[in-house]
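Each chain, written out:
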Amino acid sequence: MSTQHPDNVNPPFFAESPEMGGEDEIQEAYYVFSHLECDEQMWDCEGKEVDNFVVKKLLSKYEWYFREKQIGKDLFLTLRVPNPTVEKDEAKILLETLESIPRSFDTAQLFYQNDIPPIFEVILPMTSSALSLDRVYSYYRNFVVGKQHMLFDDSTPVSDWIGTFEPEAINVIPLFEDLDHMLDAHNITEKYISGKNLDYQRVFLARSDPAMNYGDLSAILMNKIALYNLQELQERSGVEIFPIIGVGSAPFRGDLKPDNVNEIMEEYPSVQTFTVQSAFKYDNSNEKVRSGIQQLNDSCKKNAHEIDQQQAEDIITRCSTSYRKRLVKLAPLICEVSNYVPRRRKRKLHIGLFGYSRSMEGVKLPRAIGFCCALYSLGIPPELLGMDALTEKDLDFVRDVCPHFDTSMRSALQFMNPDILSSMPDIAKAVDTLSIDYETDESHREITSYISSNLRQSKDLGEFVLRAANQRGFLG
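With an unreviewed UniProt entry as reference, the protein is termed Phosphoenolpyruvate carboxylase, source organism Candidatus Methanomassiliicoccus intestinalis. Per UniProt, the protein carries the Cofactor (unreviewed entry) text "Mg(2+)". UniProt, in the comment section headed Sequence similarities (unreviewed entry), describes the protein in these words: "Belongs to the PEPCase type 2 family."

Following this line, the structure appears as structure tokens:
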């Protein structure tokens, strides 16, 4: 699943400016389908001026391609909508977005001369209950589609006046992002699917926001627990569960890059769909990107790793507590450096959870990509924060359930500036406890040293933040 997460250093060749806008994203959808061979494009309807005519624009602008590849059958557009329970200011965008689905159906019906809906699934972020999912499901069915049966005063149904509304129903995909609801994802999903005649249910698990909220290792373990519980739900309910995981290129945000696709698939073997974010697509050679996506397309999901939930939760509690303590102290520095992080999309980012109020214990922080970029730019890999709480016994457990943990940490450690160790004893302790051999990226170290030493000099450090990101191969 290609997404619009702006974690890329380099703008794509087709973008009109470094900040991609609405028409760029139309072209992006065509590009990832036709050139990169992604199966699916997530269309983000949160917090920006949404182009609800995406289907019409794709079919009219790239008619020759979409005659051969049908949207809704061969390729898929999946809408991420605002959650009215949390995002009050964006609530009515949900209604506008749901209303656009039958219009897109009419456009595709005229184009393809069949009744296959081009859009039939929406993603609900920050899902906290089955009720929130049911409300989206029922609103579409009862009010968007259902109004076609309403009668005018002369007893004429609405459908006779403006036509029928299709599809009759949509699938709602829960996106779980915080600790409590990720650990309860199976129960919420089970309650939602109960009483519905479903062939399958997709479930989206966040990887980036949980890392920012609770620390990198906590996010990994949260996903492991959720995936195992969802597998048990599948066995218990008889409804096939297809998990989606939202991974970025930074180790802290999931560590999915074109050259380590197999490792990440082995880390999360029961995942059906992996997100391919902007750094994956635009900060690597076209040949590598296509090869990585081909590996994802050719794979089949397997059984989830079995995990001792009680032991994992104990580690999550200790690591997240330590993580948050370190974060509060680093917050002013993070915010200062994040001012130099370039924007890559003309859009307001998904607000997240701990990021919803953008504060923790009274301290404000940027969103996940800017947060990561700021720390990497200072030579402080965010993966290490909170890891000082680990014991040797914990590490044995982690390495057993996370086969590529050391590889991912080694990838992060190369971007650590060793000069920070003398002033950050918690990081030094984490590095010592992990005891992983790694090689420092000297070019990255040199740039981060310059940024750190000139931070108070009123210099424009944007160029150096960008150079460090280019050395890493991702913004944040």
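Once that is clear, we can look at a negative patch on the surface. On the surface, Glu392, Asp396, Asp400 and Asp432 cluster together into a negatively charged patch. Here the negative patch takes 3 residues from helix H16 (residues 392-401), the largest share from any one element. Structurally, aspartate 400 can be placed in helix H16. The class for aspartate 400 is exposed, based on a relative accessible area of 64%.

Along H16, the positions that sit buried rather than exposed are Asp394, Leu395, Phe397, Val398 and Val401. Buried residues along H16 cover an arc of 160° about the axis, so they all sit on one side. Facing away from the buried side of H16 by over 90 degrees, the exposed positions are Glu392, Lys393, Asp396 and Asp400.

Between two packed helices, what matters for the description is the angle formed by their axes and the separation of those axes. In contact at an axis separation of 11 Å, helix H4 (residues 91-112) and helix H5 (residues 130-144) are set at 55° when each is read in the N-to-C sense. When the axes of H4 and H5 are compared, the pair comes out oblique. Along this stretch, H4 crosses H5, giving a crossing that reads as right-handed. Here Leu94, Leu95, Leu98, Glu99, Ile101 and Pro102 of H4 come into contact with H5, specifically with Val136, Tyr139, Tyr140 and Val144. A per-class count over the contact of H4 with H5 returns 9 nonpolar, no polar and 1 charged.

So, about unusual backbone geometry. Proline 167 follows glutamate 166 through a cis peptide bond whose omega is -5°. Tracing the backbone through its elements, the reader meets proline 167 in the loop between helix H6 (158-162) and strand E4 (171-176). A positive phi angle, near 70°, is found at serine 155, a position not held by glycine. Assignment of secondary structure puts serine 155 in the loop between H5 and H6.

About the criteria used
Residues numbered from 1 in each chain as written. Predicted model: local features only at pLDDT ≥ 70, side-chain atom pairs only at ≥ 80, totals over all residues. Heavy atoms only, no water. UniProt positions renumbered as here; feature names shortened; annotations may be inferred. Patch = residues over 30% accessible without salt bridge, like charges linked within 9 Å, V, L, I, M, F, W, Y side chains within 5 Å. Areas by Shrake-Rupley, 256 points an atom, 1.4 Å probe, with all protein chains shown as cover. Salt bridge = Lys/Arg side-chain N within 4 Å of Asp/Glu carboxyl O. Lys, Arg positive; Asp, Glu negative; His and termini not counted. Charge placed at Lys NZ, Arg CZ, Asp CG, Glu CD. Helix = DSSP H or I, 4+ residues; strand = E, 2+ residues; numbered from the N terminus. Buried < 20%, exposed > 50% of the residue type's maximum accessible area, 1.4 Å probe, protein only. Arc of directions from axis to C-beta. Axes fitted to C-alpha atoms, helices over the stretch in contact; angles between N-to-C directions. Parallel < 35°, antiparallel > 145°, perpendicular 65-115°, else oblique. Left-handed = near helix turned anticlockwise from the far one by under 90°. Contact = heavy atoms within 4.5 Å. Nonpolar A, V, L, I, M, F, W, Y, C, P; charged D, E, K, R; others polar.

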